[in-house]
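Letter by letter, the chains look like this.
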Amino acid sequence: MKILPGWDKKKNPERGVIRKRWHGRVTCALVFPEPYGVGMANLGLQTLYSLLNASENILAERFFSPKEKGPLGQAAQWLSEESRRPLRDFDLILFSLSFESSYIGVLKAIVDAGITLRSIERGCAEPVVLAGGVATFINPEPIAPFVDAFLLGEFEGIAPVFLDFLPRLLDRSEKRRDRLAAMAQSVPGTYVPGLYHPIFDSSGCFISWDREDDLPAPVPVVKAPEGLTDVPHTAILSPHAAFPEMFCVELVRGCGRGCRFCAAGFVYRPPRMWPMDAIRKTLKDAPDSCPIGLVGLEYMGRPGVEELCESLLGDGRRLAFSSLRVDELTPAFTRLLKRSGAKTATVAPEAGSEGLRRTLNKHLREEGILRGVETLAQAGIPNVKLYFMLGLPGEEDEDAEEIARLVGRIRETLAFRGKGRGRVSRVSVSVSIFVPKPWTPFQWAPFADVKVLKGRIVQLKRAIGRLPGITLSIESQRDALRQAVIARGDRRLAPVLEAVAVKEISFHRAVIENGLSSEMFIRKRDPLDAFPWEIVGHPVRRGYLLAEWNRALSGEETPFCDTTVCKRCGACGGHRTETGPWTKISQNSPR
Ligand code: SF4
């Protein structure tokens, strides 16, 4: 991204915005149905914006959830950031979805724009409604009836064929259904839900699919191709983004650690690192005044990362890190953190007991956590934010106490180190409720029993309350339950989402009014159960996930990815080769 000279910060605080003339171009509304600050911090959205606008014939403008309703209770106005035009004016609406919680926003945007809500009833002259992003390739089904086509996978891989196909997709002389069917046949990663019909048995369990026109089932997700040199990075800098004016760059895609609760870790397999020379070249575009955010699920200790940080800090840049492995913190890396101005480090043990961390495949021992915290304190980073989960598979009442016990030990370690330096440390604890996600080994696990969870929350509050100076925040159980239902939902949830978006009733009431129950979606699954989200074709094999589920139940850990030799999950050695611009992550890489 080049920042144009003569930029006037007062008139327009955003830098890097692309404004094109409308005449003669395909117009694409790029919608991130969350508040502006959240959307602008999303590297996926920023990459999509750059990739679409890189094409001379396409104009892409951003939309975020409006702050307020319209005057006199009218529908909220969804207006583009660039030209302030409404959604309806665009040829194409492309939703970028990172979280299942954004699904209700999809419906709101369509309804508020006055566009026909259900794909099957949409008229020929109405915009084509597409959706992509990680939430859709984990489970697109709850919003399937509202979307004309999903683009499943990494957009770098989809873009070339998709952009070539656009004139036909928008050719209104042909029937809408025929255009979509042709797209499903021609553009890899396209899933047109109207051409697939889920079959449920009499008890409401999903069994399989009926499909039209000899279409693929499952629809294979597309990965970014080899040979790319454009490392994803922030295209538009904004003081109102969640990370104000931060220039973010992706170092690594995917993660090879195999944490069993993490859907991103499985759907982005194999783990890949961008080559260091391409990263350095991208960073040359970062304006001097902006902090640099290094993005990726795991990059600490990877070849060249420490040297990169050294040289950026040497150039006077400020750095922010998206991932830290506390047990692998070396004194050298900790000094880098300190030099980059960090006062607080985030540490995610996820569970208090060693046994539960084994179930999660965290590969994180208590001594490693304490050693890491001590290293941080020694380097002058006195505060930690700790992340835990409640409601995990195999969790017992004692595990709530175990969290408090571990927090206590971390606090003591920090207090001991801080005393010598006359400093008081702050420890904050954030607890989320575990949601079993599709495409993880825990897709067979139930969401925790609500009463049991309540009891454990009380127990944890009491135990943490005995420790002085700890700040505790716990996610709402109700929110987590809603997330769990949508995460493993299917098309039966469509009227529920519609009632929430249109009638504005509560999610749980809408579930009941539509003759459903949360239990249908959050219950434990049998090994042979078919899943509606398996319409998405990920390279990770079901048998591998099931074996990992069994290993979790018996508390066995699985080693990290080593993409140079391993073929065990199905993501390596298939459609990809071992060469290319990505450096695949190996366990043997120096850490
Ligand atoms: S095949 Fe092995 S190295 Fe490749 S993603 Fe799967 S587990 Fe990781």
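Participant: Would you explain the site of the ligand in this entry?
Facilitator: Every residue near the ligand is listed here: Arg269, Pro270, Cys561, Asp562, Thr563, Cys566, Lys567, Arg568, Cys569, Ala571 and Cys572. Among the residues making up the shell around the ligand, the classes are represented as six nonpolar, one polar and four charged.

Participant: Hey, could you run me through the sheet that holds strand β5 (residues 149–151) in this one?
Facilitator: What holds strands together in a sheet is hydrogen bonding between their backbones, with the strands either parallel or antiparallel. On the basis of which strands lie adjacent, the open sheet formed by six strands has the order β2-β1-β3-β4-β5-β6 and mixed pairing. Because the sheet does not close on itself, it has two edges, and the strands there are β2 (58–64) and β6 (190–191). Bridge count for strand β1 (residues 26–32) against β2 is seven bridges, and the pairing is parallel. Across the sheet, the residue bridging to Val26 is Ile58, located in β2. Helix-sheet contacts for helix α2 (residues 43–53) involve β1, β2 and β3 (92–96), and the interaxial angle to β2 is about 155 degrees. Sitting on the sheet, helix α6 (residues 176–186) is in contact with β4 (128–132), β5 and β6, with an inclination near 30 degrees to β4.

Participant: Looking at this model, I keep getting lost on the pairing of β4. Mind explaining?
Facilitator: In the case of a regular strand, side chains alternate between the two sheet surfaces. When you tally the buried positions in β4, you get five out of five residues, the bulk of the element. The β-α-β motif built from β3, the intervening helix α3 (residues 103–112) and the parallel element β4 has right-handed crossover chirality. One ladder, built from three bridges, connects β4 with β5; its direction is parallel. Within the sheet, the bridge partner assigned to Leu130 lies in β5 and is Ala149.

Participant: What am I meant to see in the sheet that holds strand β18 (residues 470–474) here?
Facilitator: Spatial ordering of the open sheet is given by β15-β16-β17-β18, a layout of four strands whose pairing is parallel. Lying at the two open borders of the sheet, with one neighbouring strand each, are β15 (344–350) and β18. The average undirected angle you get between the axes of adjacent strands in this sheet is 20 degrees. The sheet contact formed by β15 and strand β16 (residues 383–390) spans five bridges and is parallel. Bridge pairing in β16 places Thr346 opposite Lys385.

Participant: Before we go on, may I ask you to explain the side chain of Arg317 in this structure?
Facilitator: Residue placement: Arg317 occurs in the loop between α9 (305–314) and β14 (319–321). Separated by 2.6 Å, the side chain of Arg317 and the backbone oxygen of Pro287 make a polar contact. Leaving out residues up to four positions away in the same chain, Arg317 has contacts with Ala286, Pro287, Asp288, Cys290, Ile292 and Leu312.

Participant: Would you take a moment to explain the pairing of strand β10 (residues 247–250) for this structure?
Facilitator: The side-chain alternation of β10 yields two buried faces, one formed by Phe247 and Val249 and the other by Cys248 and Glu250. Sheet topology note: the β10/strand β13 (residues 292–295) ladder contains four bridges and is parallel. Across the sheet, the residue bridging to Cys248 is Gly293, located in β13.

Participant: Explain the pattern of salt bridges here, please?
Facilitator: Side-chain pairing between opposite charges can occur once the charged atoms of the two side chains come close. Tallying each qualifying case throughout the model produces 39 salt bridges. In this structure, Arg176 and Asp148 form a salt bridge, with 2.6 Å as the shortest nitrogen-oxygen distance. In this pair, Arg176 is assigned in helix α6 and Asp148 in the loop between α4 (134–138) and β5, connecting sequence segments 28 residues apart. Taking the relative accessible area as the measure of exposure, Arg176 reaches 10% and is therefore buried. Its salt-bridge partner being Asp529, residue Arg523 comes within 3.8 Å of it at the nearest N-O pair. Judged by its relative accessible area of 24%, Arg523 falls in the partly exposed class. We classify Asp529 as partly exposed; its relative accessible area is 21%.

Participant: Would you take a moment to explain the nonpolar core for this structure?
Facilitator: One broad trend across soluble globular proteins is that nonpolar side chains are buried collectively. Among the nonpolar cores identified, the biggest contains 193 residues, and Phe95, Leu130, Phe162 and Val407 are the most heavily contacted of them. When sequence neighbours within four positions are dropped, the list of residues in contact with Leu130 reads Leu92, Ile93, Leu94, Phe95, Val147, Ala149, Leu151, Phe162, Leu169 and Met183.

Participant: Can you help me understand helix α12 (residues 366–378) in this one?
Facilitator: Every α-helix carries 3.6 residues per turn, so stepping three or four residues along brings you back to the same face. Between its first and last C-alpha, α12 extends 18 Å over 13 residues, near the 18 Å set by a 1.5 Å rise per residue. For α12, the complete set of buried residues consists of Glu366, Gly368, Ile369, Leu370, Gly372, Val373, Thr375, Leu376 and Ala377.

Participant: Honestly, the environment of Thr330 in this entry has me stumped. Any pointers?
Facilitator: The topology assignment puts Thr330 in the loop between β14 and α10 (331–339). Assessed through its relative accessible area of 31%, Thr330 is described here as partly exposed. Distance in space between the C-alpha atoms of Thr330 and Lys454 is 39 Å, their sequence separation being 124 residues. If near-sequence neighbours (up to four positions away) are discounted, Thr330 is found in contact with Glu306 and Thr375. At 3.0 Å, the side chain of Thr330 forms a polar contact with the backbone nitrogen of Phe333.

Participant: Looking at this model, I keep getting lost on the packing of helix α8 (residues 276–283) against α9. Mind explaining?
Facilitator: A pair of packed helices is characterised by two quantities: the angle between their axes and the separation of those axes. Two elements in contact, α8 and α9, have axes separated by 11 Å at closest approach and are oriented at 20 degrees. Taken together, the axes of α8 and α9 are roughly parallel relative to one another. Handedness of the crossing formed by α8 with α9: right-handed. Judged by residue contacts, Met276, Ile279, Arg280 and Leu283 of α8 engage Val305, Glu307, Leu308, Ser311 and Leu312 from α9. Looking at the contact of α8 with α9 residue by residue, the classes come out as six nonpolar, one polar and two charged.

Participant: When you look at α2 in this model, what are you seeing that I'm missing?
Facilitator: Extensive coverage of α2 is indicated by the burial of eight of its 11 residues. When α2 is considered as a whole, its buried residues turn out to be Leu43, Leu45, Gln46, Thr47, Leu48, Tyr49, Leu52 and Asn53. At the N-terminal end of α2, a side-chain oxygen is found 3.0 Å from the backbone nitrogen of Gly44, two or three residues along, and the residue is Asn42.

Participant: Teacher, can you tell me more about unusual backbone geometry here?
Facilitator: Pro218 follows Ala217 through a cis peptide bond whose omega is 0 degrees. The residue Pro218 is located in the loop between β8 (206–211) and β9 (219–220) in this model. Following Arg269, the chain continues to Pro270 via a peptide bond in cis, the omega torsion being -5 degrees. The phi angle at Arg84 is positive, at roughly 60 degrees, despite the residue not being glycine. The residue Arg84 is located in the loop between β2 and β3 in this model. Positive phi values are uncommon outside glycine, yet Asn361 reaches one of about 65 degrees. Position of Asn361 among the secondary structure elements: in the loop between α11 (354–360) and α12.

Participant: I keep staring at the packing of aromatic side chains and nothing clicks. Help me out?
Facilitator: Under the counting rule described, the total for this entry stands at 16 aromatic pairs. A ring pair is formed by Tyr196 and Trp209, whose centres lie 6.5 Å apart and whose planes are at 90 degrees; its orientation type is edge-to-face. Of this pair, Tyr196 sits in strand β7 (residues 196–200) while Trp209 sits in strand β8, placing them 13 residues apart in sequence. A relative accessible area of 17% means that Trp209 is categorised as buried. Lying across the ring of Tyr49, Arg62 places its NZ or CZ 5.5 Å from the centre.

Cut-offs and rules
- Residues numbered from 1 in each chain as written.
- Predicted model: local features only at pLDDT ≥ 70, side-chain atom pairs only at ≥ 80, totals over all residues.
- Heavy atoms only, no water.
- Near = heavy atom within 4 Å.
- Nonpolar A, V, L, I, M, F, W, Y, C, P; charged D, E, K, R; others polar.
- Pairing = 2+ DSSP bridges.
- Helix = DSSP H or I, 4+ residues; strand = E, 2+ residues; numbered from the N terminus.
- Contact = heavy atoms within 4.5 Å.
- Axes fitted to C-alpha atoms, helices over the stretch in contact; angles between N-to-C directions.
- Buried < 20%, exposed > 50% of the residue type's maximum accessible area, 1.4 Å probe, protein only.
- Right-handed = clockwise from strand over helix to strand, strands pointing away.
- Polar contact = N/O pair within 3.5 Å; in protein donor to acceptor, adjacent residues only side chain to side chain.
- Salt bridge = Lys/Arg side-chain N within 4 Å of Asp/Glu carboxyl O.
- Core = buried A, V, L, I, M, F, W, Y, C linked by side-chain atoms within 4.5 Å.
- Expected span 1.5 Å × (residues − 1).
- Parallel < 35°, antiparallel > 145°, perpendicular 65-115°, else oblique.
- Left-handed = near helix turned anticlockwise from the far one by under 90°.
- Phe/Tyr/Trp six-rings, centres within 6.5 Å; stacked < 30°, edge-to-face > 60°.
- Lys NZ or Arg CZ within 6 Å of the ring centre and 35° of its normal.

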